[in-house]
Amino acid sequence: MLQRIRVAALAMALGAGVLALTPTSATAAKAPSISAVTISPSPPIVVFDSAVTATFSFTTKDAGKAELQLKPPGLSVGTPIELKPAPFGQWTKWTGTKSFDGKVTGKWSFLAIAHGDGDQSTSGTFEVVKALDTKIVDFDASPDLVDRGDLIKVSGRLLADGKGYGGQSVAITFRERGADSYREITKVTTGGNGWFRAAVRARATGWWRAEFAATATARASVSDADRVDVRRGNLGSSIVGFDARPEPVDKGDKLSFTGALRVEGRDGVAGQRVAVFFKADGSHRWQYVTSDVTGRHGRFWASATAETSGWWRAEYAGTRGVNGSVSDADWVKVNQPAPAPSKADTRLIKFNAYPEPVKRGKYLKFKGKLQVDDEGTWEGYSGRVALYFKPLGSKKWQYVKTTWSSDSGRLYTKVKGWNSGHWRFVFGGDEDTYGSTSRKDYVRVKR
């Protein structure tokens, strides 16, 4: 009886011990978890002239330890790398590094394992590649001799590891004769087979070349230089601001023509003859009418009698070293006046140019009054009035600018004074009135 009690007690003790060794559901160990592996720099890992160190990292939870195996291409077994843990809360971040020198390239594999109550793992692959060797070949700038300002063609081909490298940006650069460095002129993008081409304007003798800047996956390269000689060609000219006015105009009235001659590299050129041509509506022939010699800043002024509607333009024949040019055409309608009531007379009174004298480059002010004869009574009149200037010693009046009188006929404007001389207002008239001219007023300009 006593023996059975001892056996029973032993059995109970063993049973209790077994129970104590078996975790309850509340305290059972948790299976570990593992995150994806991150690689820095992001694959592909590109190796240039020196080895590249890549950092591998991942996090685990409820893991006693972890390991990371890297397997080179062609091998069946990976090699562990040293990991450094960094706990934070229930998580641990594991970090390891590996140096790649480009001797083994291709697709590598990795396997990260979180050890615990049941191992958990994650795996993947990444590429290790050598930087592409690039080369610019067949670079050419042509023709080799051009006039200044002419277009030349530059072309070449970008290769990467001996193959056409498409979709890449290539800079076209230029070094002028006597300069120490190249400067970028334009950029082009290579085609699918690596070819590129561009049209650039040659303004000086020098050397052209193409440059490819290094990228994250390819080395930089520079083409051979190609020289282009530039001859100094004739300067270009242009006639700007050509205007024939008034528009419209009555038959028999005067038309005024103004504009300015510009030569490349200069604001204006004086002493050049500019001719005015006319082409009547329905005609194909331009006929010479009048001309003028350019004055200060290349400006010119001429006049002619309006006979019929048509086109007017100015032409410059050019001179030694300067090409000729033609202005835009200006169409003017010429009204054929009917035997209508006679026009009213006008007058410009109280004209004054002041201050007198004036310092060179300072503003001169002009005032006056335009009146119309309204059945024997002089009334203020609103009209377009031109300001003219005749330099001291000159016999010719020069057009300066246009202004408008108010409804009461009052006139006011200002310009900068550059030379001593006479000033006056001129009203060209309109469909209801005759033109008129003010008295002239002399102003001395002090230097």
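Every chain is numbered independently, its residues counted from 1 as its sequence is written. Local features in a predicted model are, by the rule used here, given only for residues with pLDDT of at least 70; side-chain atom pairs are given and counted only at 80 or more, and totals for whole chains, interfaces and linings are based on all residues. Calculated side-chain values reflect all of the structure's heavy atoms, with hydrogen atoms and water omitted.

> Would you explain the environment of D374 in this entry?
Looking at the element boundaries, D374 is found in strand β33 (residues 363-374). When the C-alpha positions of D374 and T346 are compared, they lie 9.4 Å apart, and in sequence the two are 28 residues distant. Strands here are runs of E lasting at least two residues and helices are runs of H or I lasting at least four, both read from the DSSP assignment and numbered beginning at the N terminus.

> It is not clear to me how the sheet that holds strand β10 (residues 120-130) should be interpreted in this structure. Could you clarify?
Whether parallel or antiparallel, the strands of a sheet pair through hydrogen bonds between backbone atoms. Here, a strand pair is defined by DSSP locating no fewer than two bridges between the strands. Spatial strand order, β3-β10-β9-β5-β6: 5 strands in an open sheet with mixed pairing. Here the strands that pair on one side only, and so sit at the sheet edges, are β3 (45-47) and β6 (79-81). Averaged over neighbouring strand pairs, the angle between their axes works out to 30° when direction is ignored. Pairing between strand β9 (residues 106-115) and β10: 9 bridges, direction antiparallel. Across the sheet, residue L111 finds its bridge partner in β10, namely S123. Interaxial angle, 0 to 180 degrees, is taken between N-to-C directions of lines fitted to C-alpha atoms, where a helix line uses only the stretch in contact.

> Would you mind going over the pairing of strand β36 (residues 398-404) with me for this structure?
The two faces of the sheet receive side chains in turn, since in a regular strand these alternate between them. Note that strand β35 (residues 384-391) and β36 share 6 bridges and pair antiparallel. Bridge assignment links A386 to a residue of β36, and that residue is T402.

> What am I meant to see in the packing of aromatic side chains here?
Describing an aromatic ring pair means giving the distance of the ring centres and the angle of the ring planes. Two rings from Phe, Tyr or Trp (for Trp, the six-membered ring) form a pair when their centres are within 6.5 Å of each other. A pair whose planes differ by under 30 degrees is stacked, one over 60 is edge-to-face, and the rest are tilted. Under the defined criterion, the tally for this structure stands at 18 aromatic pairs. Ring centres 4.6 Å apart and planes at 40° place the aromatic pair F257 and W312 in the tilted group. One end of the pair, F257, is in strand β23 (residues 254-263); the other, W312, is in strand β27 (residues 310-316), and 55 residues separate them in sequence. Three or more aromatic residues joined by ring pairs form one cluster here, namely F56, F100, W108, F110 and F126. A ring is scored as having a charge over it whenever the NZ atom of a lysine or the CZ atom of an arginine sits within 6 Å of its centre and within 35 degrees of its normal. Its end group placed over the ring of W418, R296 keeps NZ or CZ at 4.9 Å from the ring centre.

> I keep staring at the pattern of salt bridges and nothing clicks. Help me out?
Side chains that differ in charge, positive against negative, can pair when their charged atoms come close. When a carboxyl oxygen of Asp or Glu lies within 4 Å of a side-chain nitrogen of Lys or Arg, that pair is called a salt bridge. Taken as a whole and judged by the stated rule, the model has 13 salt bridges. The closest approach of N and O atoms between E184 and K187, which form a salt bridge, is 3.6 Å. To sort residues, take the accessible area from a 1.4 Å probe on protein chains only and compare it with the maximum for the residue type: under 20% means buried, over 50% means exposed, and anything in between is partly exposed. Classification of E184 as partly exposed rests on a relative accessible area of 46%. Taking the shortest distance from any N to any O, the salt bridge between R313 and E315 comes out at 2.8 Å.

> Is there a simple way to think about the side chain of Q272 in this case?
Inspection of the secondary structure assignment puts Q272 in the loop between β23 and β24 (273-280). Discounting residues that sit within four places of it in the chain, Q272 has contacts with L261, D292, V293, T294, Y316 and T319. Contacts: residue pairs with any heavy atoms within 4.5 Å of one another.

Note that all results are geometric; they support no functional claim without further evidence.
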